[in-house]
Amino acid sequence: AQSVAQPEDQVNVAEGNPLTVKCTYSVSGNPYLFWYVQYPNRGLQFLLKYITGDNLVKGSYGFEAEFNKSQTSFHLKKPSALVSDSALYFCAVRDIGGTGRRALTFGSGTRLQVQP
Amino acid sequence: KAGVTQTPRYLIKTRGQQVTLSCSPISGHRSVSWYQQTPGQGLQFLFEYFSETQRNKGNFPGRFSGRQFSNSRSEMNVSTLELGDSALYLCASTPAGQGAAGELFFGEGSRLTVL
């Protein structure tokens, strides 16, 4: 089975400060990992993904994420937060081990609040 | 290129009724997935279709069904609606050829309220 944990329901950060949104995963094989963002009353927007290769992945809007296999983590980061980054962030995983195609499994989401 | 289009955006139904939601994927995308989003359960996978075939199904009762047409457009149907079916239903499509590595492109969702 595959699962994702986002341990923080909400993260508060001041504008201009660095931000981190945490994500850990559990899979039986190797993971494909994704981050999405959701603004109020909107669908999810893709930010970035880790498939293979460099552990540091860069994505949209200045976001990046670091894949750590030993800690089974894929934390989302941004060097300098903007008020417009305030939204709901979802981490997702797909286990590519075994047979058959697995659906993308999402974490519970973390609400990011960036204060001016 | 137009994004994923879902209709209707908002609808209100009463218990016992049925509802059909529609999704038009991005042109060229052949895989369509459906998710249910609620405050309590978060994002839960409903089903995935590829080339008119259901490729994967989540843990939902048989009242939830879907289909995909030859033009990749998809519909999902919920029969005998219950209060707990109130949710945002999200459709997503994936580019052809990317397989499991492909990211999902989501529509704005259909918000269903069951009274």
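Provided above is the structure to which this section pertains.
Sequence order as written defines the numbering, with residues in each chain counted from 1. The lettering of chains begins at A and the numbering of ligands begins at 1, in the order of writing. Given that this is a predicted model, residues contribute local features only at a pLDDT of at least 70 and side-chain atom pairs are listed and counted only at 80 or more, while totals for whole chains, interfaces and linings are drawn from all residues. To obtain the side-chain values, all non-hydrogen atoms of the structure were used and water was disregarded.

Secondary structure counts use DSSP, requiring at least four H or I residues in a row for a helix and at least two E residues in a row for a strand, with both numbered from the N terminus. Secondary structure assignment for chain A yields zero helices and 12 strands. Reading the secondary structure of chain A in the N-to-C direction produces β-β-β-β-β-β-β-β-β-β-β-β. For this measure, only C-alpha atoms enter the radius of gyration; the expected value for a globule follows 2.2 Å times N^0.38, where N is the number of residues. Taking 13 Å as the expected radius of gyration for a compact globule of 116 residues, we find that chain A reaches 14 Å, a close match to that expectation. For chain A, the C-alpha atoms occupy an extent of roughly 50 × 30 × 20 Å along the three principal directions. Burial status follows relative accessibility: with a 1.4 Å probe on protein chains alone, a residue under 20% of its type maximum counts as buried, one over 50% as exposed, and anything between as partly exposed. In chain A, which comprises 116 residues, the share counted as buried stands at 46%. Note that accessible areas follow from Shrake-Rupley with a 1.4 Å probe, and for residues the cover is restricted to the protein chains shown. When the accessible surface of chain A is summed, it comes to about 5400 Å², and 47% of that surface belongs to carbon and sulfur atoms. We count Lys and Arg on the positive side and Asp and Glu on the negative side, and we leave His and both chain ends out. A charged residue contributes its charge at one atom only: NZ of Lys, CZ of Arg, CG of Asp or CD of Glu. Positive and negative charge centroids in chain A, built from 11 and 8 side chains respectively, lie 8 Å apart.

So, on to the packing of aromatic side chains. Residue and element names in this part refer to chain A. Ring geometry is summarised as follows: Phe, Tyr and Trp rings, the Trp one being its six-membered ring, pair when their centres sit within 6.5 Å, and such pairs are stacked at plane angles under 30 degrees, edge-to-face over 60 and tilted between the two. Counted according to the given criterion, the structure contains 15 aromatic pairs over all chains. With 5.6 Å between their ring centres and 55° between their planes, Tyr36 and Phe106 make a pair best called tilted. Taken as a pair, Tyr36 in strand 5 (residues 31-38) and Phe106 in strand 11 (residues 105-106) lie far apart in primary sequence, 70 residues in all. With respect to class, Tyr36 is no different from Phe106; both count as buried. Centre to centre, the rings of Phe90 and Phe106 are 6.4 Å apart; their planes meet at 85°, and the pair counts as edge-to-face. Of this pair, Phe90 sits in strand 10 (residues 87-95) while Phe106 is found in strand 11, placing the two residues 16 residues apart along the sequence. Of the two residues, Phe90 and Phe106, neither departs from the other in class, the shared state being buried.

This brings us to the interface of chain A and chain B. We call two residues in contact when some of their heavy atoms are within 4.5 Å. With 20 residues of chain A at the interface, the matching set in chain B holds 21 residues. Each of two parts loses accessible area, computed with a 1.4 Å probe, when they are put together; buried area is these two losses added. Interface area for chain A against chain B, summed over the two sides, is near 1700 Å², with a carbon-plus-sulfur share of 51%. Within this document, salt bridges are pairs made up of a side-chain nitrogen of Lys or Arg and a carboxyl oxygen of Asp or Glu, the two lying within 4 Å of each other. Linking chain A to chain B there are two salt bridges. Here Glu103 of chain B and Lys49 of chain A are joined by a salt bridge, their closest N and O atoms 2.8 Å apart. Pairs of N or O atoms within 3.5 Å make up the polar contacts considered here, provided that, within protein, one atom can donate a hydrogen while the other can accept it, and that residues adjacent in sequence are counted only when both atoms are side-chain atoms. Summed over the shared surface of chain A and chain B, the number is five residue pairs in polar contact (both at pLDDT 80 or more).

Another point: the state of the cysteines. Residues and elements named next belong to chain B. When the sulfur atoms of two cysteines come within 2.5 Å, that pair is taken as a disulfide. Across all of its chains, the model carries two disulfides over all chains by this definition. A sulfur-sulfur separation of 1.8 Å characterises the disulfide bridge that pairs Cys23 with Cys91. Its S-S torsion of approximately -60° makes the covalent link between Cys23 and Cys91 left-handed. Of this pair, Cys23 sits in strand 3 (residues 19-24) while Cys91 sits in strand 9 (residues 87-95); the two residues are 68 residues apart in sequence, bridging distant segments of the chain. Given the relative accessible area of 0%, Cys23 is considered buried. Given a relative accessible area of 0%, Cys91 falls into the buried group.

With that settled, the discussion passes to the side chain of Thr38 of chain B. Residues and elements named next belong to chain B. Of note, Thr38 is situated in strand 4 (residues 29-38). Looking at Thr38, its side chain comes within polar contact range of the main-chain nitrogen of Gln41, at 3.1 Å. Residues within four places of Thr38 in sequence aside, it is in contact with Ser86 and Ala87.

Note that all results are geometric; they support no functional claim without further evidence.
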